[in-house]
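Spelled out from the first residue to the last, the chains are:
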Amino acid sequence: MGNPVQSFTGGDFELAGNSERAQMDHTYTSQSYGRDAFLRFKANKGAVFGLVIIIIISFFAAFGPMMNEHTYKSINIKHKSLPPRIEGLENFFIFNGVANGVNAYEQKGLTDVYYIFGTDTLGRDLWTRTWEGTRISLYIAVIAVAVDMIIGMCYGLVSGYFGRSVDNVMQRFIEILSGIPNLVIVTLLIVVLKPGFVTVTLALMITGWIGMSRVARAQILKLKEQEFVLASRTLGAGHFRIIFKDILPNIFGQIIIMSMFSVPSAIFTEAFLAFIGLGIPQPMASLGSLISESFKSMTIYPYMIVAPVFVLALLMLSFNLLADGLRDALDPKMKES
């Protein structure tokens, strides 16, 4: 026998549109990768703080030396070893011009003289010299990024893409170069060249790009066998077009992050070289040379070392925070689902 035909009545069905179980569909606006990265970066308070501090320090490095009549090399022996003093804040315990219980300004009859950061043992304005030194540190930061992006990135991309004997030879060269201590290389440069911008720049160019090249090589080794690379090769694209047009945009976030992390290291290298006397020559000032000079008088005039140490530490911390924020923002894996 066949199955009986089942009939339905109007009461067997009811609309669920107005029931409590009904749910509303949510629609989300699609966002570009750049906007998505920007929103993640903006949500990172540490990274935003680092960027703001870098902008503020850059502003004072650009315009700070022009805020008074002193230059970084002007000497006034009558004003030597004066502590910080700011007009209108004479009653404040830091900027009142008192050092070791003595008001050096009143003692020397300098009632209408003010130095924001004080002066050094030769009477040079520490405010001007500190921001002049910051200019050099920011110059070193720009050079470090340029060296990483131009030399390190290209070297790593070419080495990883071609592989085999080309990669073998290029990596052995890096191992030999990285086996030589940086201080030995810089010292040899000092023997041949005079201390200055050229020597510090060459020191960074010789070995400063090695870390970036290894990161770029590791990234391209992961991507060069992907389907989109095979498709470009099948369509007749050349090697360098594949490297710089197809693969590079996919790893550019990691490249930017690595270059930001290299900036504090480069700044510290310049400061270290200046501290041991191999950096920027006198009377020019860098943060490292200012710390080296102030260190000799730290027990008697401790205020001399405070400003350059504080600016250097803040600058390195800010670049680290910025790099950390860029890493989280540019990495798609960090996106919340």
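Criteria and thresholds
- Residues numbered from 1 in each chain as written.
- Predicted model: local features only at pLDDT ≥ 70, side-chain atom pairs only at ≥ 80, totals over all residues.
- Heavy atoms only, no water.
- Core = buried A, V, L, I, M, F, W, Y, C linked by side-chain atoms within 4.5 Å.
- Buried < 20%, exposed > 50% of the residue type's maximum accessible area, 1.4 Å probe, protein only.
- Helix = DSSP H or I, 4+ residues; strand = E, 2+ residues; numbered from the N terminus.
- Contact = heavy atoms within 4.5 Å.
- UniProt positions renumbered as here; feature names shortened; annotations may be inferred.
- Axes fitted to C-alpha atoms, helices over the stretch in contact; angles between N-to-C directions.
- Parallel < 35°, antiparallel > 145°, perpendicular 65-115°, else oblique.
- Nonpolar A, V, L, I, M, F, W, Y, C, P; charged D, E, K, R; others polar.
- Patch = residues over 30% accessible without salt bridge, like charges linked within 9 Å, V, L, I, M, F, W, Y side chains within 5 Å.
- Areas by Shrake-Rupley, 256 points an atom, 1.4 Å probe, with all protein chains shown as cover.
- Salt bridge = Lys/Arg side-chain N within 4 Å of Asp/Glu carboxyl O.
- Phe/Tyr/Trp six-rings, centres within 6.5 Å; stacked < 30°, edge-to-face > 60°.
- Left-handed = near helix turned anticlockwise from the far one by under 90°.

A. Local environment of the nonpolar core. In terms of nonpolar packing, the biggest core is built from 32 residues, with I267, L312 and F319 touching the most fellow members. Looking at this core element by element, the count peaks at 13 residues for helix 12 (residues 303–330). Once you skip the residues sitting within four places of it in the chain, F319 turns out to touch I54, L138, A141, M260, V263, P264 and I267.

B. Focus on the UniProt feature "transmembrane region" (unreviewed entry) in the chain. The sites that carry the UniProt feature "transmembrane region" (unreviewed entry) are, in the present numbering, residues 47–67, 136–161, 173–191, 197–216, 251–280 and 300–323. What you have in residues 47–67 is 81% helix and 0% strand, and the ends, taken at the C-alpha atoms, are 29 Å apart.

C. Spatial organisation of the packing of helix 4 (residues 126–162) against helix 11 (residues 287–296). Interaxial distance between helix 4 and helix 11 falls to 7 Å at its minimum, and their mutual angle equals 135°. Taken together, the axes of helix 4 and helix 11 are oblique relative to one another. On helix 11, the residues touching R129, T130, G133, T134 and S137 of helix 4 are L287, L290 and E293. Residues belonging to the contact of helix 4 with helix 11 are distributed by class as follows: two nonpolar, four polar and two charged.

D. Looking closely at a nonpolar patch on the surface. The grouping of L183, F268, F272, F275, I276, F295 and M298 at the surface amounts to a nonpolar patch, some 630 Å² of accessible area in total. For the nonpolar patch, the element with the most residues is helix 10 (residues 239–275), which contributes three residues. Inspection of the secondary structure puts M298 in the loop between helix 11 and helix 12.

E. Spatial organisation of the packing of aromatic side chains. Evaluation of the coordinates by the stated rule reveals 12 aromatic pairs. For the ring pair F117 and W127, a centre distance of 5.0 Å and an interplane angle of 55° mean the geometry is tilted. Highlighted residues: F117 in the loop between helix 3 (104–107) and helix 4 and W127 in helix 4, separated in sequence by 10 residues. Across the pair, W127 and F117 agree in class, each one buried. In textbook terms, an aromatic cluster arises when at least three aromatic residues are bridged by ring pairs, as seen for F59, F60, F63, F117, W127 and W131.

F. Layout of the side chain of T130. When you line up the elements, T130 lands in helix 4. By relative accessible area, which is 0% here, T130 ends up buried. When neighbours within four sequence positions are excluded, T130 is seen to be in contact with F117, L287, L290, A307, P308 and V311.

G. Quick look at the packing of helix 10 against helix 11. Taken N-terminus to C-terminus, the directions of helix 10 and helix 11 make an angle of 40°; their axes are 7 Å apart at the nearest point. On the basis of their axis angle, the class for helix 10 and helix 11 is oblique. Once helix 10 is placed against helix 11, the crossing between them reads as right-handed. Every residue of helix 11 that contacts helix 10 at A271, A274 and F275 is listed here: G288, S289, I291, S292 and F295. Residues belonging to the contact of helix 10 with helix 11 are distributed by class as follows: five nonpolar, three polar and no charged.

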